[in-house]
Amino acid sequence: MLRDLEQYLTCPHCALGLALDPAGRTLRCPGGHAFDVARQGYVSLLPAGANPGTGDTVEMVAARADFLAAGHYAPISRALAETAAEEPGTRLVADLGAGTGHYLAGVLDALPEAVGAALDLSKFALRRAAKAHPRAGAVVCDAWRPLPLADGCADLVLNVFAPRNGPEIQRVLRPGGRLLVVTPTTRHLRELVGALGLLAVDEEKERRIEEKLGPWLTAEGRREVEFELRLGHRDAAAVVGMGPNAWHTDGGALARGLAELPDPVAVTGSVRIGVYRR
């Protein structure tokens with residue numbers, strides 16, 4: 001669906017607008033830069049020097065796709081879509097750190113007039129995001145560099161378990177536009193954190209987010225979503241392997257730790273949805 005997004009996209013080299021050729025295979029800017037659309041449907045708008053090696057791996061993406069498809073995080077998806085739909089008239093939803101596009105798809109279902117831009121550093125994730133929803137397009141970019149979106153073009157920005165670049169989020173949001181930030185609370189997956197030696201959520205996380213976003217956006221409220229998960233060992237391994245713990249967890253140690261847990265194991269899901277406005 002890059003055809004619906006082209007009016008919002010900008011060249012990562014010169015920041016001029018982009019347009020698809022009639023065949024829908026290449027995006028070009030007036031400055032002569034061109035970007036081919038991959039056969040899987042996404043386009044890379046990474047600037048020169050960007051390092052895509054820090055994006056999610058094939059294994060991480062596969063684990064996330066399986067886990068989310070099983071419906072374990074459905075309460076998060078529902079709450080995010082409900083919050084997004086509180087304000088009608090949304091035209092463009094930009095999902096920063098979209099991964100497979102799972103959450104963006106749920107929001108677009110709740111906003112039938114909107115189109116979505118799935119933005120992520122991982123081409124492996126965006127191969128799936130390009131097919132996540134008929135009104136979503138997928139763009140490879142780096143959240144810590146200027147985003148390939150026009151100034152003030154987005155009515156809504158989503159940020160689910162992903163990096164937050166306050167200045168760029170403010171720039172691409174229209175005046176009055178909203179940012180929805182989903183972050184784990186200290187109770188999220190606590191039963192697995194202790195048993196498997198996973199990374200714990202910083203108790204100061206909420207304060208640090210406020211400090212980083214505060215200069216650019218106004219906090220309007222927050223909503224907490226807490227629920228119980230019953231995870232078989234395979235799904236428990238997937239929730240470990242789909243996020244930051246994948247970079248720090250030894251496979252053998254994980255298997256030994258899981259073997260000592262009940263099957264299935266009861267696990268707490270707990271997140272906070274923060275609402276910010278430009």
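Numbers given for residues are sequential positions, taken from 1 along each chain in its written order. Where local features are concerned, this predicted model is filtered to residues with pLDDT of at least 70; where side-chain atom pairs are given and counted, the filter is 80 or more; whole-chain, interface and lining totals use all residues. Processing note: side-chain calculations cover all non-hydrogen atoms of the structure and skip hydrogens and water entirely.

## Here we look at the environment of Leu104
Secondary structure elements are taken from DSSP: a helix is a run of H or I of four residues or more, a strand is a run of E of two residues or more, and numbering for both begins at the N terminus. Secondary-structure assignment places Leu104 in helix α4 (residues 102–110). For Leu104 and Asp151, which are 47 residues apart along the polypeptide, the C-alpha to C-alpha distance reads 21 Å. Should any heavy atoms of two residues lie within 4.5 Å, those residues are counted as being in contact. In this structure Leu104 touches Val93, Asp95, Gly116, Ala117, Ala118, Ala136 and Leu158, once residues within four positions along its chain are discounted.

## Details of the packing of helix α9 (residues 233–241) against helix α10 (residues 251–259)
Every axis corresponds to a line fitted to the C-alpha atoms, with the helix fit spanning only the stretch in contact, and the corresponding angles, defined between N-to-C directions, vary from 0 to 180 degrees. For the pair α9 and α10, the least separation of the axes is 11 Å and the interaxial angle reads 140°. It follows from the interaxial angle that α9 and α10 lie oblique. Relative to α10, the crossing made by α9 is right-handed. On the side of α9, the interface is formed by His233, Ala236, Ala237 and Val240, while α10 contributes Leu254, Leu258 and Ala259. Tallied by class, residues from the contact of α9 with α10 come to six nonpolar, one polar and no charged. Note on terminology: angles under 35 degrees are roughly parallel, angles over 145 are roughly antiparallel, angles of 65 to 115 are roughly perpendicular, and the others are oblique. Rotating anticlockwise by less than a right angle from the far helix to the near helix defines a left-handed crossing, while the corresponding clockwise rotation defines a right-handed one. Note on residue classes: Ala, Val, Leu, Ile, Met, Phe, Trp, Tyr, Cys and Pro are nonpolar, Asp, Glu, Lys and Arg are charged, and everything else, Gly too, is polar.

## So, the side chain of Asn159
Inspection of the secondary structure assignment puts Asn159 in strand β8 (residues 154–160). What makes Asn159 buried here is its relative accessible area of 0%. There is a polar contact of 3.4 Å between the side chain of Asn159 and the backbone oxygen of Leu96. Apart from residues lying up to four places away in sequence, Asn159 is in contact with Leu96, Arg164, Leu179, Leu180, Val181 and Val182. Partly exposed residues are those whose accessible area sits between 20% and 50% of the maximum for their type, while under 20% is buried and over 50% is exposed, using a 1.4 Å probe and protein chains only. The definition of a polar contact used here is a pair of N or O atoms within 3.5 Å, where within protein one atom must be able to donate a hydrogen and the other to accept one, and adjacent residues in sequence count solely through side-chain atom pairs.

## A closer look at the pattern of salt bridges
By salt bridge we mean one thing: a side-chain nitrogen of Lys or Arg within 4 Å of a carboxyl oxygen of Asp or Glu. All chains considered together, the criterion is met by 19 salt bridges. When the shortest N-O distance is used, the salt bridge between Arg277 and Glu87 registers 2.5 Å. Remark: Glu87 occurs in the loop between α3 (74–84) and β5 (92–96) and Arg277 occurs in strand β11 (residues 265–277); sequence separation between them is 190 residues. By relative accessible area, which is 19% here, Arg277 ends up buried. Between Arg277 and Glu220 there is a salt bridge whose closest N-O contact spans 2.7 Å. A residue pair is termed long-range when its members are at least 10 positions apart, and Arg277 in strand β11 and Glu220 in strand β10 (residues 218–231) qualify at 57 residues. Three or more residues joined by partner-sharing salt bridges are found here, namely Arg187, Glu206, Arg222, Glu224, Glu226 and Arg272.

## Notes on the packing of aromatic side chains
The rule is short: rings of Phe, Tyr and Trp, with Trp giving its six-membered ring, pair when the centres are within 6.5 Å, and they are stacked under 30 degrees, edge-to-face over 60, tilted in between. The full count for this structure, using the stated rule, is three aromatic pairs. Measuring from ring centre to ring centre gives 5.0 Å for Phe67 and Tyr73, while their planes differ by 80°; the resulting arrangement is edge-to-face. Across this residue pair, the class does not change: Phe67 and Tyr73 are buried. Geometrically, the ring pair formed by Tyr73 and Phe227 is edge-to-face, given 6.3 Å between the ring centres and 80° between the ring planes. One end of the pair, Tyr73, is in the loop between α2 (58–69) and α3; the other, Phe227, is in strand β10, with 154 residues separating them in the sequence. Residue classification places Phe227 among the buried positions, given a relative accessible area of 13%. Each residue in the set Phe67, Tyr73, Phe161 and Phe227 is aromatic and connected to the rest through ring pairs, giving one cluster.

## What about the pairing of strand β7 (residues 136–140)?
The element β7 is extensively covered by neighbouring structure, given that five of its five residues are classed as buried. On β7, burial covers both faces: Ala136, Ala138 and Val140 on one face and Gly137 and Val139 on the other are all buried. Bridge count for strand β4 (residues 43–44) against β7 is two bridges, and the pairing is parallel. Bridge pairing in β7 places Ser44 opposite Val140. We treat two strands as partners when DSSP finds at least two bridges between them. Alignment of strand β6 (residues 115–120) against β7, held across five bridges, turns out to be parallel. Looking at the pairing, Leu119 lines up with Val139 of β7.

## What to know about the sheet that holds strand β9 (residues 173–184)
What the eight strands build is an open sheet, ordered β4-β7-β6-β5-β8-β9-β11-β10; its pairing is mixed. In this open sheet, the two edge strands, each paired with only one partner strand, are β4 and β10. Note: β5 against β6, five bridges, orientation parallel. Bridge pairing in β6 links Ala94 to Ala117.

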